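Read off the chains here:
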Amino acid sequence: MPEPTRTGRSCPPDTSSPSYRKALKHHLATLQPVSSSSSSLSPFRGAEKRFKTRFPPPVEEVRGALDVALLDSAREGEVTEGWWRGCVHEGVREVRLRDKERTRGYVVPSVPGLVILPAFLLPREQRQLVRCCLQDAAKLPNETNLDTHYVLPSEGLWAAARDEPDESILPRAVSATTIPSEAEGERGRRTLIANPPASVGSLADLLSPKAAAAPSPHLPPSLPGELLQKLRWANIGASYHWTSKSYDLSRCSPPVPGEVAVLCKRAVRAVPWEEVYTPADSAPGGQAPGWERWAEDYAPDAGIVNFYGLADTLMAHVDHSEVDCTRPLVSISLGHACVFLLGGATRDVPPLPILLRSGDALLMSGPCRRWYHGVPRVLEGSLPGYLWDALEGEDEDEREWAPFRTYLARTRINVNVRQVFPPGMEVGGLAGVTPE
Ligand SMILES: O=C(O)CCC(=O)C(=O)O
Ligand SMILES: [Fe+2]
């Protein structure tokens, strides 16, 4: 495979180029007639559609996205070298972080409980987290989207691609004890299924063993490098069961990797929550009960690492499988930037588009913790130079980094970490207390 290059660095696609015209022609030829229902799309679906558009690329649409990197002169190079940029919305408020080295944090009054920590990770830390995601997280006993269909090597796909690139990986045989894989999209991405939000009352469900999804019967053996391109998610911590969209605590899983947990706790500790929630909000039934103690007692116990190719999207959904429904979900972006849409309690609320760049952390807590959100667009040509070129002044082995940068040339990674159980409630594989 030829070494990929960083794409579309300093200008939008050349709309007069033969390749653009050819792609446009193909697009127009395959265009479906406008359905009578398209005007009745919900505001969230409408926004998704606008950001997904390839012809022409949604440069103007993205210009309306909240892009807090514009407020940081240190990121000027990163912003100007790519051709996607958003804007700064009125009302966005800076909060002073406790973490002295990283001084920026932003809240948006229309989205209570949202905190954005731009450039939360330094370039060196981003590289380290990328390594952790590919080498350690996407490996047994953690489950990935590929485990349903292939017998993956115990050393993990990344190590296999590096050490035994020509060794085929066999598809898994169909077994009579499995059930069809309903919750998996065509390429291992997720599709929507409606299930009730988790609560203390649904704990018994979390403890009951869940059937494995059925492997696809018609898959050829594949090389590790080919399968890496099909890697879409890896569970970390408590095992998430995609078919039923709930946790499966009957499955013993290692905890969230230490270095991921440390980063997420650092993000939660850095936020001055008293500036996010006023004391009145913390009253019982308020916006985020217990926020005063998050700095001490936030303990992530589950998460998903999402791997997006440049054309991949994540449709509108609510993460409601966690028993604790207000503690922060910490989401860290790596590699290519994206547009993240954050709506409201229903798809009828017009979403706020946010441009998330590599190293940014986004925290959803309190009211917005169970709001609709999704990723309609990975922004091609947005890989920052420090993930591609040698790191200035850092003692890093660029040869060791080379396969990671090649992978990132077509990828966005998102580390999405949650706390399923509130402090003191430890259940099943995570300890052994059953609620009354
Ligand atoms: O990729 C992202 O930024 C969001 C991912 C997400 O919403 C999820 O994993 O539930
Ligand atoms: Fe989500």
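Residues numbered from 1 in each chain as written. Chains lettered and ligands numbered in written order. Predicted model: local features only at pLDDT ≥ 70, side-chain atom pairs only at ≥ 80, totals over all residues. Heavy atoms only, no water.

- An unreviewed UniProt entry lists the protein under the name Fe2OG dioxygenase domain-containing protein, with Calocera viscosa given as the organism.

1. Considerations on the coordination of the iron ion (ligand 2)
Stage number 1. Bound to the iron ion (ligand 2) on the protein side are H317 (NE2), D319 (OD) and H373 (NE2), at distances that span 2.1 Å.
Stage number 2. On the primary sequence, the residues serving as donors to the iron ion (ligand 2) are separated as H-x1-D-x53-H. With D319 in the loop between strand 8 (314–317) and strand 9 (329–335) and H373 in strand 13 (residues 373–378), this pair connects stretches of sequence that are 54 residues apart.
Stage number 3. You can call D319 buried: its relative accessible area is 8%. (Donors = N, O, S within 2.8 Å, 3.2 Å for Na, K, Ca; no water. Helix = DSSP H or I, 4+ residues; strand = E, 2+ residues; numbered from the N terminus. Buried < 20%, exposed > 50% of the residue type's maximum accessible area, 1.4 Å probe, protein only.)

2. What to know about empty space enclosed by the protein
Stage number 1. Here the structure, examined in full by the defined rule, presents six cavities of 30 Å³ or more.
Stage number 2. Lining the largest cavity are 18 residues; nearest its centre among them are L314, F340, H373, N414 and N416.
Stage number 3. Secondary structure elements with two or more residues in the lining of the largest cavity: strand 7 (302–309), strand 8, strand 9, strand 12 (361–364), strand 13 and strand 14 (411–418).
Stage number 4. The dominant element in the lining of the largest cavity, judged by the number of residues it contributes, is strand 14, at four residues. (1 Å grid on protein atoms, 1.4 Å probe; cavity = no way out; pocket = protein on both sides within 12 Å on 5 of 7 lines; lining within 4 Å. Points joined across faces, edges and corners; volume = space filled by probe spheres on them.)

3. A closer look at the packing of aromatic side chains
Stage number 1. According to the stated counting rule, one finds eight aromatic pairs in the structure shown.
Stage number 2. Ring geometry for W158 versus Y407: centroids 5.9 Å apart, planes at 90°, classification edge-to-face. Here Y407 lies in helix 12 (residues 398–408) and W158 lies in helix 6 (residues 157–163), a separation of 249 residues in the sequence. Each member of the pair, W158 as well as Y407, is classed as buried.
Stage number 3. Aromatic side chains W401 and F404 sit 5.5 Å apart centroid to centroid with 20° between the ring planes, which places their arrangement in the stacked category. Of the two residues, W401 and F404 both sit in helix 12, three residues apart, roughly one turn of that helix. With respect to class, W401 is no different from F404; both count as buried.
Stage number 4. Chaining the aromatic ring pairs together yields one cluster made of W158, W401, F404 and Y407.
Stage number 5. Across the ring face of F404, the terminal group of R131 is positioned such that the distance to the ring centre comes to 5.9 Å. (Phe/Tyr/Trp six-rings, centres within 6.5 Å; stacked < 30°, edge-to-face > 60°. Lys NZ or Arg CZ within 6 Å of the ring centre and 35° of its normal.)

4. Considering the UniProt feature "binding site: Fe cation" (unreviewed entry) in the protein
Stage number 1. Per the UniProt entry, the sites bearing "binding site: Fe cation" (unreviewed entry) are H317, D319 and H373 in this numbering. For the residues just named, distributed over 57 residues, the greatest C-alpha separation is only 8.8 Å, placing them together at one site. Taken from the residues named earlier, the lining of the largest cavity is made up of H317, D319 and H373.
Stage number 2. Here H317 lies in strand 8.
Stage number 3. Overall, H317 belongs to the buried group, its relative accessible area being 7%.
Stage number 4. One polar contact links the side chain of H317 to the main-chain carbonyl oxygen of M315, over a distance of 3.0 Å.
Stage number 5. Leaving out residues up to four positions away in the same chain, D319 has contacts with L329, R369, R370, H373 and R418. (UniProt positions renumbered as here; feature names shortened; annotations may be inferred. Polar contact = N/O pair within 3.5 Å; in protein donor to acceptor, adjacent residues only side chain to side chain. Contact = heavy atoms within 4.5 Å.)

5. Description of the state of the cysteines
Think of a disulfide as a covalent bridge from one cysteine sulfur atom to another cysteine sulfur atom.
Stage number 1. Scanning the model with the defined rule gives zero disulfides in all.
Stage number 2. Note on C133: no disulfide assigned, nearest cysteine sulfur contributed by C132 at a separation of 5.5 Å.
Stage number 3. The buried category is assigned to C133, whose relative accessible area is 1%. (Disulfide = S-S within 2.5 Å.)

6. Here we look at the sheet that holds strand 14
Stage number 1. Spatially, the eight strands line up as an open sheet ordered 1-2-3-12-9-14-7-4, and their pairing is antiparallel. Because the sheet does not close on itself, it has two edges, and the strands there are strand 1 (93–94) and strand 4 (233–237).
Stage number 2. Those strands touched by helix 12 are strand 7, strand 9 and strand 14, and its axis lies near 95° from that of strand 14. (Pairing = 2+ DSSP bridges. Axes fitted to C-alpha atoms, helices over the stretch in contact; angles between N-to-C directions.)

7. A closer look at the environment of E322
Stage number 1. Secondary-structure assignment places E322 in the loop between strand 8 and strand 9.
Stage number 2. With 20 residues separating them along the chain, E322 and A302 place their C-alpha atoms 9.1 Å apart.
Stage number 3. Sequence-distant contacts of E322, that is, excluding residues within four places in its chain, are made with A198, Y247, R369, R370, R418, Q419 and V420.
Stage number 4. A polar contact of 2.6 Å, which involves the side chain of E322, links it to the side chain of Y247.
Stage number 5. Of note is the side chain of E322, whose polar atom sits 2.9 Å from the side chain of R418.

8. Quick notes on the pairing of strand 10 (residues 338–342)
Stage number 1. Strand 10 sits mainly inside the fold: five of its five residues count as buried.
Stage number 2. The alternating pattern of strand 10 places C338, F340 and L342 and V339 and L341 on opposite faces, both of which are buried.
Stage number 3. Bridging between strand 10 and strand 11 (residues 352–356) involves five bridges; their strand directions are antiparallel. What sits directly across from L341, in strand 11, is P353.

9. Concerning unusual backbone geometry
The phi angle of most residues is negative, glycine excepted, and most peptide bonds adopt the trans form.
Stage number 1. Residues F55 and P56 are joined by a peptide bond in cis, for which omega reads -10°.
Stage number 2. Across the junction of L140 and P141, the peptide omega takes the value 5°, indicating a cis bond.
Stage number 3. Structurally, the position occupied by P141 is in the loop between helix 5 (123–137) and helix 6.
Stage number 4. Backbone geometry places A119, a non-glycine residue, at a positive phi of 50°.
Stage number 5. Judged by relative accessible area, A119 falls into the partly exposed class, the value being 26%.

10. Some words on the packing of helix 5 against helix 12
Stage number 1. Their axes nearest at 11 Å, the elements helix 5 and helix 12 cross at an angle of 70°. Compared by their axis directions, helix 5 and helix 12 come out roughly perpendicular. Here helix 5 contributes R127, V130, R131, L134 and Q135 to the contact with helix 12, which in turn contributes E398, E400, W401, F404, Y407 and L408. (Parallel < 35°, antiparallel > 145°, perpendicular 65-115°, else oblique.)

11. Details of the nonpolar core
As a rule of thumb, nonpolar side chains are buried together in soluble globular proteins.
Stage number 1. Grouped together as the largest cluster of nonpolar side chains are 61 residues, with contacts concentrated most on L129, W273, F307, L363 and I413.
Stage number 2. Sequence-distant contacts of W273, that is, excluding residues within four places in its chain, are made with R98, V115, V268, W291, W294, P328, L363 and S365.
Stage number 3. The next biggest cluster of nonpolar side chains, apart from the first, holds 22 residues, and it includes Y308, L352, L356 and C368. (Core = buried A, V, L, I, M, F, W, Y, C linked by side-chain atoms within 4.5 Å.)

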